[in-house]
Amino acid sequence: MSLTALLSTLSFTSPWILTALLGLPLLWWLLRVLPPAPKTVSFPALSLLIGLQTEQKSPDSAPWWLVLLRLLAAAIVILALAHPVIDPQKSGTGDGALVLVVDNDWSSAGGWSERRDAMLALLDEAERVGRSVRLLITTPPTDGTDLQDPGILRAEQVIALIRDLDPVPWQNDWSVSASIVEGWADGAASEPVSQVYWAWNGREGLGFDELGSALGALAPLTMMVPDTASSAVVIDPPEAGTRDLTFTLRRGRDDIGETFALIARAEDGRALDRVELTLVPGEDSATATYDLPTELRNTLVSVELEQGRGAGATALIDERWQRRPVGMIAQSSLDSGPSLLSEAYFVRRALEPIGELSQGPVDLLLRTGQATIVAPDSASLTDQDRNALQDWIGQGGVLIRFAGPKLAADREDTLIPVALRGGGRILDGAMVWSEPLTLGQFSNSGPFGDLRLPDDVTITRQVLAQPTPDLDAKTWARLSDGTPLITAEQRGEGWLVLVHTTANADWSSLALSGTFVEILERLIGLSRGVANTESEAILLPPLRLLDGFGRLTNEDASATPIPASEIAATLPGPLSPPGFYGSDLFVRAVNIGPTEPEIGPPDAMPEGAIISGYAIGQEIDLKPALLIATFVLLILDGLITLYLRDYFDLRQGTIRNDARAAAIMLVVGAMALATGVGDAKAQSNDDRIIAALGGTVLAYVVTDDRQVDETSRAGLAALSQVLLQRTAVEAADPIGVDVQRDELSFYPLLYWPVTENQNPPSARTIRRLNDYMASGGTILFDTRDQAMAGLGGRAGRNLQRIAAGLDIPPLSRINPEHVLTKSFYLMQEFPGRWNGGGLWVETAGVAANDSVSRVIVGGNDWAGAWATDDIGQPLYPTVPGGNRQRELAYRFGVNLVMYTLTGNYKADQVHIPAILERLGQ
């Protein structure tokens, strides 16, 4: 950095003290006028007589260079008292206002805490120098009103606004923002502008060039650009009605290689599957396909990016992808067949694990909206029914018909994919089979190409298809002699499928096999979902909405109902945020991905803009260095003064006794200076130690992920408040520790969130951690992954990498009698933000330290469940149990702290009667 640039970042916290520099000329005059201290001369008479001079001389003055040295020391003292700092985030020079333009749309959610810290650093400097601020937030307000110009504000007012500002799940409005800025340039502003900062989201959009030009016309523009790891990411859901669950991930920048993890979640928050995508430099998109069984697919509600990055990185799935309601034609909805041998019984049993089954006449099934309809041979179809079904198939429905005696005898039925021969083919009948036939092959062009042919399925009767030129193309399954068993024809958007045998065991053993279930599952998967045209006319109220960070929340008061017919074309906004709309019976999802075709950076930045990142340079305090320089100059001045007064003679190497005393005083002063500077540098460490010694302090391990660290801090702070309210433990504010450097012995419990990029501890750190555990400390390793894959999964491997070398005893799942289950509350489950993950403690019989487990391992993200904001509102949802689960998470935290503080106290037999009484036994 050049000297000019360095000086431009220099500022003073007490600039008024610099006025003392004006007194330096007076000090120069005084030091030059006043004579130096007289020399001390020995009194021997001979010395008085020899060299005695009679001329009277005027008093001498101090040498000019000594006076200059003293003036320099005085100037440095004044500068030190003014407390100069070098601030890399210094918001420019000039007396005008600072303009801060903030993008807080959905694409700004990545690394939001770093962005907010960078903006606060700018505003802190503006507050320090007394500059006013113009703030412009480019996203429409949550109440749906237009963007407003808040006017000129004090820096402290803007600081409060930025602290409370979060990303919103819709796009910004740069065009309106440009109009507001142009109004400032046209003279609407009552104060000139000296510097402009744009906290940019890193992508192009409508009005980008206009806003950049308008800002550049006000004053020098600095663009704060996010790095690649914080750039925009969207997940596009599959096309509605498709069979494959293929999601497309797109990123805004492709200049580095990245690995993304996509988590498929159920409505209760359970992780159903995890897919990793690796993009090399130059690749900006990739696809992830989930192969879920139908029963799990029907519970899928979202696919989200494990690393976060906001509402755009969450794709919501509604019933168009999941729900495949199946209807079976019967005379009434109560018709279940005469016996357990009926076709209805076999179809119902086969469809139970696949989808929702309804029974009734054709007109009722069509009115209720079915994705697939099954027509057993026993079902009677009128011409009106056939016409209605034909229209329904054309709209995307799938009709599955089974053959039987009725179909074999009906020569007039046209609702079939291929022409049939009359009479059918029967074992020992007119068309003689010597023995039952087995399945021959599945066509690769149909949906059964990858199914395994069963060995135990036999066919004793079938209806035969008339040979036609297109029969081979319509055949999806054959018998071993090559005759068709399943044929199909596409009509319009849907399919008409015929199984050439019965749905029960009268003509074959197919209905008794698992292949029967697999065939029905594949056929149902051909449908395009629910085709309920009547529902498209209704209004869908907001059900659950995404916030700017991609978290599903309760209904937003500003959101309005959306007509079902317009849901596909809805653009996310303040009145229509992304999320679920409708009711429990009819749900539609609004996603960001399909509305954002381009998320990359612009081709060119605004002309003349200065490009800056969001990384905050460390502020350099110059006061200690100036104080050191002052004392060095004073010591040098003292030594020169001693020399001028003949306290020592350098040529003869002599020194007087009183000079020794003076030198000792100078050395003591120098040592005191060094001690004072060291104390100043160690003040923060001392404060941490004093806080730890003053009471119980919960500590968390600082990671490289600022969001994880903030969650850990907020979680332990909230838990400390709960301890204060419910127990006798008076816990102070939690402290983040660096296990590589900080002393750990002051903390009874160390919360360690496991992250992807944590570096393994060094050998020295491992020894310190082992000493910490051996002396009574407990480490809670939280993999925060809901134990989706157990300790052998990805998070488990991260934990093994971090904990390699630690003296960890054998671990086992906590048993119902463990002290941790009764150290304060009686509990048998230990949920956090997630539920269902196990909890591992030291195996019984090996624990030391008063039977307190040195290591506790889990994955329920307890800090995420405990964490609250400044007004006590939870930061993250707890799934699936809601507030009850959060309360249990707090209880686990209380038990954990009491367990680490009291050891096996509650294991004593004296407590057994009280515990049994509380259990009601």
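Residues numbered from 1 in each chain as written. Predicted model: local features only at pLDDT ≥ 70, side-chain atom pairs only at ≥ 80, totals over all residues. Heavy atoms only, no water.

Draft legend 1. A look at empty space enclosed by the protein. Across all of its chains, the model carries two cavities of 30 Å³ or more by this definition. Each pocket or cavity is described by its volume, and for the second largest cavity that value is around 30 Å³. What lines the second largest cavity is Asn201, Gly202, Arg203, Pro226, Ser231, Ala232, Gly252, Arg253, Ile599, Gly600 and Pro601. Class assignment of the residues belonging to the lining of the second largest cavity gives a composition of four nonpolar, five polar and two charged. (1 Å grid on protein atoms, 1.4 Å probe; cavity = no way out; pocket = protein on both sides within 12 Å on 5 of 7 lines; lining within 4 Å. Points joined across faces, edges and corners; volume = space filled by probe spheres on them. Nonpolar A, V, L, I, M, F, W, Y, C, P; charged D, E, K, R; others polar.)

Draft legend 2. Structural context of the packing of helix α20 (residues 706-726) against helix α24 (residues 882-902). Packing of α20 against α24 brings their axes to within 10 Å, and their N-to-C directions diverge by 75°. Of the possible angle classes, the one that applies to α20 and α24 is roughly perpendicular. In contact with Ala718, Leu719, Val722, Leu723 and Arg726 of α20, α24 contributes Glu887, Tyr890, Arg891, Gly893, Val894 and Val897. Of the residues in the contact of α20 with α24, the class split is seven nonpolar, one polar and three charged. (Axes fitted to C-alpha atoms, helices over the stretch in contact; angles between N-to-C directions. Helix = DSSP H or I, 4+ residues; strand = E, 2+ residues; numbered from the N terminus. Parallel < 35°, antiparallel > 145°, perpendicular 65-115°, else oblique. Contact = heavy atoms within 4.5 Å.)

Draft legend 3. Examining the packing of aromatic side chains more closely. Using the criterion set out here, one finds 16 aromatic pairs in the structure. Arranged with centres 5.6 Å apart and planes meeting at 55°, the rings of Trp174 and Phe208 form a pair that is tilted. Taken together, the residues Trp174 in helix α7 (residues 174-188) and Phe208 in helix α8 (residues 208-218) connect sequence positions 34 residues apart. Note on accessibility: Trp174 and Phe208 belong to one class, buried. Aromatic side chains Trp198 and Phe208 sit 5.5 Å apart centroid to centroid with 35° between the ring planes, which places their arrangement in the tilted category. You can see Trp198 sitting in strand β6 (residues 193-199) and its partner Phe208 sitting in helix α8, a full ten residues away along the chain. Here the two residues Trp198 and Phe208 agree in accessibility, since each one is buried. Grouping aromatic residues by their ring pairs yields a cluster made of Trp174, Trp198, Trp200 and Phe208. Residue placement shows Arg265 over the ring face of Trp834; its charged tip is 4.5 Å from the ring centre. (Phe/Tyr/Trp six-rings, centres within 6.5 Å; stacked < 30°, edge-to-face > 60°. Buried < 20%, exposed > 50% of the residue type's maximum accessible area, 1.4 Å probe, protein only. Lys NZ or Arg CZ within 6 Å of the ring centre and 35° of its normal.)

Draft legend 4. Structural view of the sheet that holds strand β31 (residues 587-590). The antiparallel open sheet is built from four strands, whose spatial order is β28-β27-β30-β31. One side of each edge strand has no neighbouring strand; the edge strands of this open sheet are β28 (552-553) and β31. Bridge count for strand β30 (residues 579-582) against β31 is four bridges, and the pairing is antiparallel. Its bridge partner lying in β31, Gly582 is registered against Val587. (Pairing = 2+ DSSP bridges.)

Draft legend 5. The arrangement of the side chain of Asp709 in detail. Along the chain, Asp709 falls in helix α20. No salt bridge is formed by the buried Asp709; its nearest oppositely charged neighbour, Arg706, is found at 6.8 Å. Excluding its chain neighbours within four sequence positions, the residues that come into contact with Asp709 are Tyr700, Val701, Val702 and Thr703. (Lys, Arg positive; Asp, Glu negative; His and termini not counted. Salt bridge = Lys/Arg side-chain N within 4 Å of Asp/Glu carboxyl O.)

Draft legend 6. Structural view of the side chain of His500. By secondary structure assignment, the location of His500 is in the loop between β25 (494-499) and α16 (514-524). At 2.9 Å, the side chain of His500 and the side chain of Thr487 are in polar contact. (Polar contact = N/O pair within 3.5 Å; in protein donor to acceptor, adjacent residues only side chain to side chain.)

Draft legend 7. Representation of unusual backbone geometry within the structure. We note that Asp861 has phi near 55°; this positive angle belongs to a residue other than glycine. Of the residues examined, Asp861 reaches a relative accessible area of 8% and is grouped as buried.

Draft legend 8. Expanded view of a negative patch on the surface. Residues Glu182, Glu204, Asp209, Glu210, Asp254, Glu283, Asp284, Glu598 and Asp603 make up a contiguous surface patch of negative charge. Position of Glu598 relative to the elements: it lies in the loop between β31 and β32 (610-613). (Patch = residues over 30% accessible without salt bridge, like charges linked within 9 Å, V, L, I, M, F, W, Y side chains within 5 Å. Areas by Shrake-Rupley, 256 points an atom, 1.4 Å probe, with all protein chains shown as cover. Charge placed at Lys NZ, Arg CZ, Asp CG, Glu CD.)

Draft legend 9. A look at the environment of Gly777. Structurally, Gly777 can be placed in the loop between α21 (763-774) and β39 (778-782). Relative accessible area serves as the criterion here: at 4%, Gly777 is assigned to the buried category. Once the C-alpha coordinates of Gly777 and Leu744 are considered, the two residues, 33 residues apart in sequence, prove to be 8.4 Å apart. Look past the residues within four positions of Gly777 in its chain and what remains in contact with it is Pro748, Tyr772 and Arg854.

Draft legend 10. Looking closely at helix α17 (residues 623-644). The terminal C-alpha atoms of α17, which comprises 22 residues, lie 31 Å apart, in line with the 32 Å expected from a rise of 1.5 Å per residue. Buried within α17 are the following residues: Leu626, Thr630, Leu633, Asp637, Gly638, Ile640 and Leu642. (Expected span 1.5 Å × (residues − 1).)

Draft legend 11. Examining a nonpolar patch on the surface more closely. A contiguous nonpolar surface patch, about 930 Å² in accessible area, is contributed by Leu26, Trp28, Trp29, Leu30, Trp64, Trp65, Leu68, Tyr643 and Leu644. For the nonpolar patch, the secondary structure elements donating two or more residues are α2 (24-33), α4 (64-81) and α17. Top contributing element to the nonpolar patch by residue count: α2, with four residues. As for its position among the elements, Trp28 is in helix α2.

Draft legend 12. Looking closely at the packing of helix α5 (residues 112-129) against helix α6 (residues 155-163). Two elements in contact, α5 and α6, have axes separated by 9 Å at closest approach and are oriented at 170°. For the element pair α5 / α6, the angle class is roughly antiparallel. Viewed along their axes, α5 and α6 form a crossing whose handedness is left-handed. Along its contact with α5, which presents Arg116, Met119, Leu120, Leu123, Asp124, Ala126 and Glu127, the element α6 presents Ala155, Glu156, Val158, Ile159, Ile162 and Arg163. Split by residue class, the contact of α5 with α6 holds eight nonpolar, no polar and five charged. (Left-handed = near helix turned anticlockwise from the far one by under 90°.)

On their own, these measurements won't tell you what the molecule is for.
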